[in-house]
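Residue strings, one per chain:
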Amino acid sequence: MGRDVERSRSAHAYGVAVLASVVALGATLLVWPRLETTPSPLFFAAVVVSSWYGGLRPAFVATALAALATSYFFVPPVHSIAIESLDDGLRLGLFVLVAVLTGSLSAARRRAEIERGQQASIAELGRLALAGGELSGLMHEAATHVARTLGIEYAAVWELSSGNRLPVLRAAVCCRKEIVADVVLDTDVLSAAAPEIDDSEHLANGNGVRLAKVIIQGSEGPLGILSTHVARPRRFSAGDAHFLQAVAHVLGEAMMRRRADEERTALLSRERTARGRAEAASRAKEDLLATVSHELRAPLAQLVTWSRLLRLGRHDDTALDAVERSTRTLERLAGDLLDVSRISAGKLALSLRPTALADAVEAALDGVRPSAMTKGVGLEQDLAITPMELLADPTRLHQVVWNLVGNAIKFTPPAGRVVVRLRQIADRAELTVTDTGRGISAAFLPHVFEPFRQAGGATEGLGLGLAIVRQLVELHGGTVRAESPGEGRGARFTVVLPLLSAATDVFGGGSIAACGA
């Protein structure tokens, strides 16, 4: 079918050449009685029209027809193609030579004007690309220039994303009678059978097509497709192919520049994020040093003061109690720092054995009850009657409960309340510690288990207790979460741990020794 269409187009061009020659002959016959000169001028016009419309070959056809008509109608003997006079033969030969030159020059001029228009379009697109505007605008201009310059109905630019190999339509225009309008095209128009413009010689000798496409290449592979669509099949010349390839090259450079800018922006964003994290880590280290210095200063000052009083001979229980409290504070601070260091290095060992959870919770509550009574905070417990056994390290389990309840007492004002509940849910044990204290803001809630982080206004401790709780609970195969309606509305911490019956699924069989590695 393509070959038939191409023949039809060629026949149309040759028909124009024949028609122009016939019109020139008729006009010459009309004016010949008064012309009294060579009939060549009008035949020259026919040759020029043929070359301008159809190119060099139709111009040659018009030249041959003009030579035959001149010989038959105007060169004696009339109505015969025989040439008896040498002068007449020379005149006819000169006419043919001048007609051939005229047709060649006219066809060359036509090709030059087409190439000049194509080069102007490429230069304009290059200027727009270097101007650094929006890529979508450049794609739209490229489709518009292709449609107008090549005189085709539709032109479109498609982009291939890295994640999805299906082309995405970025710009599509319809051009009829120099009027350009935006259109929408389906991906189905990019048929796999559509020829790709990658070989100008092939296209120059190819048949007429309705669709042709150029792959927009990048340094690492295809970036998109430049497609052309025509209502009637046509053949693309070598010049057309070079023009489309140049437009695709401009688009490829712009698309690579855009992707490079996006990668550079993402890299800068990651660099800013990394720098922010590094600065935050540096600030956290400075805050840690300041906090540790502050926390150590008070018990050390107490030890120095009461040690001097003891040296002076005061041996009352007040001095001994103060020394003991300061020593325990130092021991707790050192223990927290050592635990965090071991957890970070993956060297925190657990000595797991079957443990009654209720007994461990009650023992921890007995340890913090005096501080609750001293502060005037009510400490309530609601422990399940059903015995629950865990595969746990009793010392570390005691530390979890002590930290959670002690933290709740610390942030609960006098006359407040702290409630500790223990329930069994399927093969899990759930421990909740609820207080009516300061509460946690929504902004700080996601960071509550991070080390060295304390809510605004907190000045006691290193901010390590909840971080240690989370790590210890996770090492026991459980989870911990924090909830709070907001500041001034209390908080709830929930710990979920697997019971002994589910311990095999969590820790696996074999030894019951675990390590935080």
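Keep in mind that what you see is a predicted model, and the values were worked out from it rather than measured. (Residues numbered from 1 in each chain as written. Predicted model: local features only at pLDDT ≥ 70, side-chain atom pairs only at ≥ 80, totals over all residues. Heavy atoms only, no water.)

> Which residues make up the pairing of strand β12 (residues 479-483), and what are the values?
Looking along a regular strand, one sees side chains alternate from face to face of the sheet. Burial along β12 is one-sided: V480 and A482 are buried, while T479, R481 and E483, pointing the other way, are not. Taken together, the 5 bridges between β12 and strand β13 (residues 491-498) define a ladder with antiparallel strand orientation. Looking across to β13, one finds that T479 is bridged to V496. (Buried < 20%, exposed > 50% of the residue type's maximum accessible area, 1.4 Å probe, protein only. Helix = DSSP H or I, 4+ residues; strand = E, 2+ residues; numbered from the N terminus. Pairing = 2+ DSSP bridges.)

> Report on the nonpolar core, specifying residues and quantitative values.
Counting 45 residues, the largest nonpolar core has V405 and F493 as the members making the most contacts within it. Where this core is concerned, the elements lending two or more residues are α9 (357-375), β9 (389-392), α10 (394-410), β10 (417-425), β11 (428-435), α11 (465-475), β12 and β13. Residue contacts for F493: discarding those within four places in its chain leaves L404, L431, T432, V433, I440, V448, F449, L466, R481 and A482. (Core = buried A, V, L, I, M, F, W, Y, C linked by side-chain atoms within 4.5 Å. Contact = heavy atoms within 4.5 Å.)

> Lay out the sheet that holds β11 with the relevant residues and their values.
One open sheet accounts for 5 strands, arranged β8-β10-β11-β13-β12; its pairing is mixed. What marks the edges here is a single partner per strand, and that holds for β8 (378-382) and β12. Going across the sheet, the axis of each strand differs from the next one's by a mean of 15 degrees, ignoring polarity. Where β8 and β10 come together, 5 bridges link them in parallel fashion. The residue of β10 that forms the bridge with E380 is V419. Sheet strands in contact with α10 are β8, β10, β11 and β13, and its direction is about 25 degrees off that of β11. (Axes fitted to C-alpha atoms, helices over the stretch in contact; angles between N-to-C directions.)

> Go over the packing of α9 against α10, please, and point to the residues and values.
Where α9 contacts α10, the axes come no closer than 9 Å and their chain directions differ by 30 degrees. Comparing the axis directions of α9 and α10 gives the class roughly parallel. For the crossing formed where α9 meets α10, the hand is right-handed. Seen from α9, the contacting residues are L357, A360, V361, A363, A364, L365, G367, V368, S371, A372 and K375; seen from α10, they are L397, H398, V401, W402, V405, G406, I409 and K410. Classifying every residue of the contact of α9 with α10 by side-chain character gives 13 nonpolar, 4 polar and 2 charged. (Parallel < 35°, antiparallel > 145°, perpendicular 65-115°, else oblique. Left-handed = near helix turned anticlockwise from the far one by under 90°. Nonpolar A, V, L, I, M, F, W, Y, C, P; charged D, E, K, R; others polar.)

> Quick rundown of the environment of R421? Include the residues and the values.
Inspection of the secondary structure puts R421 in strand β10. Under the relative-accessibility criterion, R421 is labelled partly exposed at 38%. Contacts of R421, omitting those with residues within four sequence positions, involve D382, E430, L431 and T432.

> Which residues make up a nonpolar patch on the surface, and what values do they have?
Together, L65, L68, Y72 and I81 make up an exposed nonpolar region whose accessible area comes to about 360 Å². Structurally, L65 can be placed in helix α3 (residues 56-73). (Patch = residues over 30% accessible without salt bridge, like charges linked within 9 Å, V, L, I, M, F, W, Y side chains within 5 Å. Areas by Shrake-Rupley, 256 points an atom, 1.4 Å probe, with all protein chains shown as cover. Salt bridge = Lys/Arg side-chain N within 4 Å of Asp/Glu carboxyl O.)

> Please set out α9 residue by residue, giving values where relevant.
A rise of 1.5 Å per residue sets the reference length of α9, with its 19 residues, at 27 Å; its end C-alpha atoms lie 27 Å apart and thus fit the reference within 8%. The sharpest bend along α9 reaches about 40 degrees and sits at V368, with the proline P370 one to four residues further on. Those residues of α9 that fall on the buried side of the exposure criterion are L357, A360, V361, A364, L365, V368 and A372. Those residues of α9 that are buried are in contact with β7 (353-356), β8, β9, α10, β10 and β11. (Expected span 1.5 Å × (residues − 1). Bend = angle between axes of the 7 residues up to and from the residue.)

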